[in-house]
Amino acid sequence: MKRIFTILVITIFTILSCSENKSGTTKTNAIEIEKENKTETKNAKLETSDTLNSNNYSDLDSQTTYTKELDLFWIRDLEENANKKIGFISLSDIYPLSEHPDSLAIPNYENVDKNSLQYFKLNASYRKRVLSKTNISETDSLFIYDYSTDVLLSFPVRKLNVVAYLNDYMDIKDCPCSQSDYMIGFEVTKNYLIGLGKYFSEALVFIGKENPFTHGQMKAIVWQKIKAEKFPLGKSNLTEKQKEYKHKNTIKGQAYLYETKTHQIFIQDYTEPNNLIQVQDRHLIIIDKQSDNVVNETIFNNSEGTSVTPLNFGINNTNYPDLKEQWIGKLFKDKPEVIFGFEWVSFGCPSIIFVNSQNKYVQINCDNRH
C-alpha cells in the first residue's frame, strides 16, 4: 500500500513498547516516552456499522452492511511541505466541523501575517475542542506501527502538539482561509520516529488506551504463477450474471496462487481486449483449506478512483525485486488475520480486509483532499 496515488495510493498500516520479533528475541528499536495505562483498548471507535460504497459492488449486488472493526490513521512526512522535521497525523476525517463559534477548528487569523498561516500550533482551548470532538483523551496514547520494518512506537497524547496544517490544494497567498482548508491533528518530531520506512508509507496509527498491534506476524505475499484453469472460478459465490457484469469487456488472463498453512489465496487477472498487458480487473478468491470453502471473494477494478496494484514476485520480479504491495498476517492482537494491498486509491481512503470475513473491515483515515 503506498501513499495516495494521485492516481495513486495508497493502499495499509502503529507503535511502541518492547516486544518479541519473529526469532523470539526482544525488539527494542521502539521509543517509549512514557508508560501508558494498561487498561482496556478504547472502544469509542470500535464495532460500528457502516455501509461501504465500493467499486467492487455494482447495482447487481444487494446492498451489504459492513462492520467497521477499528479506525486507523496514516502518518505523513511534512518535512518538505511544512519545512519542519515532523510526522503529522490528521484527525480531520473524524473531526466534525461547523461554522458555529463553539466548534471552529482554528482561531480567526484574518489580521495575522500570511506567512504564519501554512502551519501553526493550536492553543489550549482549541486543543481541548479537538480532543473533545474526536473522543480522544489526554490519557490516551498514539501508537505507530510499521508492518514492513516491524517497529512499534508509542507517544502519550498529552505530550503531543495539536497543529493545523494548510492542505496541499491551498496556498497561503489565498488566505485568510476557512477552517475546512486545514488538516487538524497531532505532530511527532521526526527525531523520535526511528525505524519507520521511507516516507512512513507502511506505518499505521492507532489512538487509544492500549496498543492493538502484534509484532512480527505480517508477511509480504510472493505470488506464484499458475495455469488459468487452476483458478477456482467454479467455487465463486457470484452469480453468472454478476460475473458477466463485473468482467464485462475484459479477457481472462494470468492466474496466481499464494498459500499459507490454513488458506489458499488465488488471483485472476482480466485484461482489456486491445491491451493484453493492461490489467483491468483482478479477481480474489480465498479458500479455507480445512473446509474447502470460499471465505472471501473480492474483485478489484481500475476505475476513476482506484487502480489495481502490481503483484509481488520477490526476487523473480526483475524490474521491481523489492516491490511489496500485498501483505497478509495477524496485524491486530484480538482480531483475525488480515490481507491488503490490492488497489491504490485516489478518491477516498483504503481499507484493510480480513482473510476470513468479507463483511468486516478496518478503516484507514487518510484525509484525502483529492
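Refer to the structure presented above.
These numbers come from a predicted model, not from an experiment. (Residues numbered from 1 in each chain as written. Predicted model: local features only at pLDDT ≥ 70, side-chain atom pairs only at ≥ 80, totals over all residues. Heavy atoms only, no water.)

Draft legend 1. Geometry of the overall build of the chain. A count of helices and strands for the chain gives 3 helices and 24 strands. When burial is assessed residue by residue, the chain has 53% of its 370 residues classed as buried. For the chain, the accessible area works out to roughly 17800 Å², and carbon and sulfur atoms hold 47% of it. (Helix = DSSP H or I, 4+ residues; strand = E, 2+ residues; numbered from the N terminus. Buried < 20%, exposed > 50% of the residue type's maximum accessible area, 1.4 Å probe, protein only. Areas by Shrake-Rupley, 256 points an atom, 1.4 Å probe, with all protein chains shown as cover.)

Draft legend 2. Spotlight on the pairing of strand 12 (residues 203-208). When you tally the buried positions in strand 12, you get 6 out of 6 residues, the bulk of the element. Neither face of strand 12 is exposed, since A203, V205 and I207 on one face and L204, F206 and G208 on the opposite face are all buried. Bridging between strand 8 (residues 141-146) and strand 12 involves 6 bridges; their strand directions are antiparallel. Of the residues in strand 12, the one forming a bridge with F143 is F206. (Pairing = 2+ DSSP bridges.)

Draft legend 3. Representation of the sheet that holds strand 10 (residues 161-166). In spatial order, the strands read 5-6-11-10-7; together these 5 strands make up an open sheet with antiparallel pairing. Whereas interior strands pair on both sides, the edge strands pair on one side only; in this sheet they are strand 5 (76-77) and strand 7 (119-121).

Draft legend 4. The arrangement of the pattern of salt bridges in detail. In this structure the tally under the stated criterion is 11 salt bridges. For the salt bridge of R369 with D367, the shortest nitrogen-to-oxygen distance reads 2.5 Å. (Salt bridge = Lys/Arg side-chain N within 4 Å of Asp/Glu carboxyl O.)

Draft legend 5. Representation of the state of the cysteines. Inspection of the entire model under this criterion finds 2 disulfides. Two residues share a disulfide in this structure: C175 and C177, whose sulfurs sit 2.2 Å from each other. Classification of the bridge connecting C175 and C177 rests on its S-S torsion, roughly -95°, and on that basis the disulfide is left-handed. Comparing C175 with C177, the two get one shared label, buried. Numbered by order of appearance in the sequence, the disulfide-linked cysteines of the chain pair as 1-2, 3-4. (Disulfide = S-S within 2.5 Å.)

Draft legend 6. Representation of the pairing of strand 18 (residues 293-301). With 8 of 9 residues buried, strand 18 is to be regarded as a mostly interior element. As paired strands, strand 17 (residues 275-288) and strand 18 are joined by 8 bridges and run antiparallel to one another. Across the sheet, R282 pairs through a bridge with F300, a residue of strand 18. Counting the residues in the hairpin turn of strand 17 and strand 18 gives 4 residues, including D292, whose phi is positive at 65°.

Draft legend 7. Quick peek at the packing of aromatic side chains. Counted under the stated rule, the structure contains 12 aromatic pairs. Ring centres of Y147 and W327 lie 5.1 Å apart, and the angle between their planes is 75°; on these two criteria the pair is classed as edge-to-face. Of this pair, Y147 sits in the loop between strand 8 and strand 9 (151-156) while W327 sits in strand 20 (residues 327-329); the two residues are 180 residues apart in sequence, bridging distant segments of the chain. A connected cluster of aromatic rings, assembled from ring pairs, spans W223, Y258, F300 and F342. (Phe/Tyr/Trp six-rings, centres within 6.5 Å; stacked < 30°, edge-to-face > 60°.)

Draft legend 8. How the structure looks around the sheet that holds strand 15 (residues 251-259). Spatially, the 5 strands line up as an open sheet ordered 14-15-16-17-18, and their pairing is antiparallel. Each having just a single partner strand, strand 14 (224-226) and strand 18 make up the two edges of the open sheet. Direction aside, neighbouring strands of the sheet carry axes that sit 30° apart on average. Judged from the 10 bridges that link them, strand 16 (residues 263-272) and strand 17 form a sheet pairing that is antiparallel. Residue F266 lies in a different strand from strand 17, and its bridge partner there is I285. (Axes fitted to C-alpha atoms, helices over the stretch in contact; angles between N-to-C directions.)

Draft legend 9. Local environment of the nonpolar core. Of all hydrophobic cores here, the largest spans 38 residues; its most connected members are I144, Y182, I184 and F186. Of all the secondary-structure elements, those providing two or more residues to this core are helix 2 (124-133), strand 8, strand 9, strand 10, strand 11 (182-189) and strand 12. Top contributing element to this core by residue count: strand 11, with 4 residues. Excluding residues within four positions of it along the chain, Y182 makes contact with S92, I106, L117, Q118, F120, A164, Y165, L166, N167, C175, C177 and R369. (Core = buried A, V, L, I, M, F, W, Y, C linked by side-chain atoms within 4.5 Å. Contact = heavy atoms within 4.5 Å.)

Draft legend 10. Geometry of the environment of V112. Note that V112 resides in the loop between strand 6 (86-90) and strand 7. On the accessibility criterion, V112 (33% relative accessible area) is partly exposed. Taking the C-alpha atoms as reference points, V112 and C175, separated by 63 residues in sequence, lie 10.0 Å from one another.

That is the geometry; function is a separate question.
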